[in-house]
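A look at the structure
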Amino acid sequence: MSFDKTIQRFLLVLILVLALSPFIPQWALFMLTITGANGLVVLGLMLFLRAGLISFGQALFFCAGAYTTGLLSLTLNIREMSILILASGAASGIIAYLLGFLMAKYRGIFFGLLSLAFSMILYGLLVKTEALGSTDGFNVPAVTIFGWLPGKDLVRVAVLGMTFLIIILSVAFVQSILKGPRGLLLTAIRDNEIRAEYMGASARRTVHLYYVIAGTLAGFGGSIAAVAVGHIDPAMSFWTTSGEFIFITILGGVGSVVAPFLGALVFGIVHTVAFSYSPNTWQMVIGLTLILVILVLPNGLWSLRDKFRKNKP
């Protein structure tokens with residue numbers, strides 16, 4: 001499979017970071033892992049935005065993936081991270097497939113609010129379920145990486161390596177789809193859905209397909225976050241979590257499959273710095289950052305690349 005230069009450089013950066021990971025502080029490794037998990041969720045949201053849709057409830061699949069990882073590790077004693085990630089992605093994908101029959105019928109604000117409603121339903125169920133820890137949630141035990149149980153000093157490095165592997169595979173998959181007919185159909189649905197239908201394309205099936213893909217990617221991200229944090233709770237499905245994903249989507253833009261991870265990285269840095277120096281007002285700092293980006297770069301941070309290209313002689 002061939003990639004453009006941007007994606008090739010992105011993959012080289014991931015490999016370089018992984019090679020240097022033994023020398024990177026533990027807190028930075030954790031931030032990079034969470035950045036990767038968030039980026040996977042936003043990668044799915046980017047597909048929606050290309051079709052002119054927005055989901056306010058992507059935390060539903062993020063949380064479902066996290067709880068799947070936690071339940072499998074505790075009840076079935078499955079500790080292999082690769083299996084947990086795949087199982088979590090499959091569980092979230094199945095949920096997305098079932099809900100997609102309804103979601104694919106709606107557009108605009110109805111699509112966004114209906115997705116939010118499903119997410120909050122899950123939140124309410126988890127809060128009321130004492131067997132799952134209610135509002136406190138529960139801890140996720142240590143995992144193995146392809147049968148290897150990393151030591152205390154290498155846990156962050158190993159989890160980051162697995163995260164990068166999932167990112168590479170996901171980016172390759174999404175890029176291959178976007179380059180195909182289904183990917184081109186997203187823009188057609190956004191610009192003129194009726195005309196796309198007259199040409200013989202099914203907008204409903206296309207939205208349903210990408211809803212499943214986005215749900216699966218969010219499940220991957222939730223599983224990675226559960227392993228990295230070592231704890232899960234219902235807040236992972238709360239509307240504020242979905243809000244963070246939308247924030248990252250707007251911040252990075254939709255110009256490339258790399259943009260979600262750029263937005264997630266900048267969000268992680270701003271969040272970490274703001275919380276360190278101003279723990280009581282860090283939300284305000286993040287809000288001001290988003291306003292600044294919207295005013296200066298309405299198409300997201302990725303649009304800087306296009307501006308630099310235009311300015312080149």
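Residues numbered from 1 in each chain as written. Predicted model: local features only at pLDDT ≥ 70, side-chain atom pairs only at ≥ 80, totals over all residues. Heavy atoms only, no water.

1. Points about helix α5 (residues 108-128)
Taking 1.5 Å per residue, 21 residues should reach 30 Å; α5 reaches 31 Å between its end C-alpha atoms and fits that length. Inspection of α5 places Phe-111, Gly-112, Ser-115, Phe-118, Ser-119, Leu-122, Leu-126 and Val-127 among the buried residues, and these make up the whole buried set. Among the structural elements, α2 (26-50), α3 (59-75), α4 (81-103), α8 (203-229) and α9 (239-252) are those in contact with the buried residues of α5. (Helix = DSSP H or I, 4+ residues; strand = E, 2+ residues; numbered from the N terminus. Expected span 1.5 Å × (residues − 1). Buried < 20%, exposed > 50% of the residue type's maximum accessible area, 1.4 Å probe, protein only. Contact = heavy atoms within 4.5 Å.)

2. A closer look at the pattern of salt bridges
Taken as a whole and judged by the stated rule, the model has two salt bridges. The salt bridge involving Arg-107 is made with Glu-193; its shortest N-O contact spans 2.9 Å. Here Arg-107 is found in the loop between α4 and α5, whereas its partner Glu-193 is found in helix α7 (residues 181-198), with 86 residues between them in sequence. Classification of Arg-107 by relative accessible area gives partly exposed; the value is 21%. (Salt bridge = Lys/Arg side-chain N within 4 Å of Asp/Glu carboxyl O.)

3. Quick word on the packing of helix α6 (residues 155-178) against α8
α8 packs onto α6 with a crossing angle of 175° between their chain directions and a minimal axis gap of 10 Å. Looking at the two axes, α6 sits roughly antiparallel to α8. Where α6 abuts α8, its residues Arg-156, Val-159, Thr-163, Ile-166, Ser-170, Phe-173, Val-174 and Ile-177 lie against Tyr-210, Ile-213, Leu-217, Phe-220, Ile-224, Val-227 and Ala-228. Each residue belonging to the contact of α6 with α8 can be placed in one class, and the counts come to 12 nonpolar, two polar and one charged. (Axes fitted to C-alpha atoms, helices over the stretch in contact; angles between N-to-C directions. Parallel < 35°, antiparallel > 145°, perpendicular 65-115°, else oblique. Nonpolar A, V, L, I, M, F, W, Y, C, P; charged D, E, K, R; others polar.)

4. Some thoughts on the side chain of Ser-88
Inspection of the secondary structure assignment puts Ser-88 in helix α4. Engagement of the side chain of Ser-88 in a polar contact is seen with the side chain of Thr-69, the distance being 2.6 Å. Ser-88 has contacts with Gly-65, Thr-68, Thr-69, Gly-219 and Ser-223, leaving out every residue within four places of it along the chain. (Polar contact = N/O pair within 3.5 Å; in protein donor to acceptor, adjacent residues only side chain to side chain.)

5. A closer look at unusual backbone geometry
Within the chain, Asn-77 stands out as a residue other than glycine whose phi angle is a positive 60°. Structurally, Asn-77 is set in the loop between α3 and α4. Accessibility expressed as a relative area gives 52% for Asn-77, which makes it exposed. One non-glycine residue, Ser-134, lies in the positive phi region at around 50°. Looking at where Ser-134 falls in the secondary structure, it is placed in the loop between α5 and β1 (138-139).

6. Quick word on the nonpolar core
With 93 residues, the main nonpolar core has Met-81 and Val-257 as its most contacted residues. Of all the elements, α8 adds the most residues to this core, at 14 residues. Setting aside anything within four residues of it in sequence, one finds Met-81 in contact with Val-143, Thr-144, Ile-145, Val-159, Met-162, Ile-224 and Val-227. (Core = buried A, V, L, I, M, F, W, Y, C linked by side-chain atoms within 4.5 Å.)

7. Structural notes on the side chain of Thr-249
The topology assignment puts Thr-249 in helix α9. On the basis of relative accessible area, Thr-249 is assigned to the buried category, the value being 2%. Residues within four places of Thr-249 in sequence aside, it is in contact with Val-42, Leu-45, Met-46 and Leu-49.

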